[in-house]
Amino acid sequence: KAGVTQTPRYLIKTRGQQVTLSCSPISGHRSVSWYQQTPGQGLQFLFEYFSETQRNKGNFPGRFSGRQFSNSRSEMNVSTLELGDSALYLCASSPEGQDGYTFGSGTRLTVV
Amino acid sequence: SQQGEEDPQALSIQEGENATMNCSYKTSINNLQWYRQNSGRGLVHLILIRSNEREKHSGRLRVTLDTSKKSSSLLITASRAADTASYFCATAARGGTSYGKLTFGQGTILTVHP
């Protein structure tokens, strides 16, 4: 059974640019959540999508957005990148968005 | 913002010894989960304990939950060098606004020396 796949693994972007990260959940999982991990703030919840609808959102500015497709694959977009957006971005999938989650290996974003 | 704190921040032990990590949280929860992370990679789900459970076992792992003290502990018995990793507790709150959302502690860095 394939795990959660995140692409790309690494990204280097320049301040002011925008970036799109992709997450393919485990087959049959309808919930996809996104997290940002930094040394200073730790793991912080960005948002969750279920059946193409955003059900939950963390305390991040509007520059952070996401969407989910009918096959449950999800993308997150960060516009007008700032140096502080440098982080490991993790997505996690679960059948219904509760209980245990399976995480991907993450996308490491560096903003220069 | 973090839900609570983990203690200790770092733990160094020898192979074969037991490792105990503690986690405190602030709000009412539906369940509490423990995850492991190796070298900044993805998180691996270890065990989940529900708010109406007090203790749970999985292989060499034992988790306890005390909802009156809002705390949990993770015990790894007979540790191995391969257990070296960061360990995080994460809580899922009650109610609809908890969908898909886990609130993580800052983590404990465990080093197991061969």
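Note that the structure is predicted; figures quoted are calculated from it, not measured. (Residues numbered from 1 in each chain as written. Chains lettered and ligands numbered in written order. Predicted model: local features only at pLDDT ≥ 70, side-chain atom pairs only at ≥ 80, totals over all residues. Heavy atoms only, no water.)

1. Overview of the overall build of chain B
So, step 1. Broken down by element type, chain B carries zero helices and 11 strands.
So, step 2. Of the regular secondary structure in chain B, the N- to C-terminal order runs β-β-β-β-β-β-β-β-β-β-β.
So, step 3. Against the compact-globule benchmark of 13 Å for 114 residues, chain B has a radius of gyration of 14 Å, which places it among compact chains.
So, step 4. Dimensions of chain B, computed from the C-alpha atoms along their principal axes, are close to 45 × 30 × 20 Å. (Helix = DSSP H or I, 4+ residues; strand = E, 2+ residues; numbered from the N terminus. Rg over C-alpha atoms; globule rule 2.2 N^0.38 Å.)

2. Here's the deal with the side chain of Glu48(A)
So, step 1. Structurally, Glu48(A) is set in strand 5 (residues 42-50).
So, step 2. Residue Glu48(A) is classed as buried on the basis of its relative accessible area of 0%.
So, step 3. What Glu48(A) contacts, discounting residues up to four positions off in sequence, is Ser31(A), Val32(A), Ser33(A), Thr53(A), Gln54(A), Arg55(A), Asn56(A), Gly97(A), Tyr99(B) and Gly100(B). (Buried < 20%, exposed > 50% of the residue type's maximum accessible area, 1.4 Å probe, protein only. Contact = heavy atoms within 4.5 Å.)

3. What about the interface of chain B and chain A?
How big an interface is tends to be stated in terms of the accessible area lost upon association of its parts.
So, step 1. In this assembly, 22 residues from chain B lie in contact with 26 residues from chain A.
So, step 2. Summing the contributions of chain B and of chain A, the shared interface buries around 1,900 Å²; its carbon and sulfur component is 46%.
So, step 3. Applying the counting criterion to the chain B and chain A interface returns one salt bridge.
So, step 4. For the pair chain B and chain A, the interface holds nine residue pairs in polar contact (both at pLDDT 80 or more).
So, step 5. Of all the elements in the fold, those that place two or more residues in the side of chain B that touches chain A are strand 4 (29-37) and strand 5 (43-50) of chain B.
So, step 6. In terms of residue class, the side of chain B that touches chain A is built from seven nonpolar, 12 polar and three charged. (Buried area = accessible area lost by both parts, 1.4 Å probe. Salt bridge = Lys/Arg side-chain N within 4 Å of Asp/Glu carboxyl O. Polar contact = N/O pair within 3.5 Å; in protein donor to acceptor, adjacent residues only side chain to side chain. Nonpolar A, V, L, I, M, F, W, Y, C, P; charged D, E, K, R; others polar.)

4. So, the pairing of strand 7 (residues 64-68) of chain A
Residue and element names in this part refer to chain A.
So, step 1. Sheet topology places strand 7 next to strand 8 (residues 74-78); five bridges connect them, and they run antiparallel. Looking at the pairing, Ser 65 lines up with Asn 77 of strand 8.
So, step 2. Taking the residues between adjacent antiparallel strands as the criterion, strand 7 and strand 8 are bridged by five residues, where Ser 72 takes a positive phi near 75 degrees. (Pairing = 2+ DSSP bridges.)

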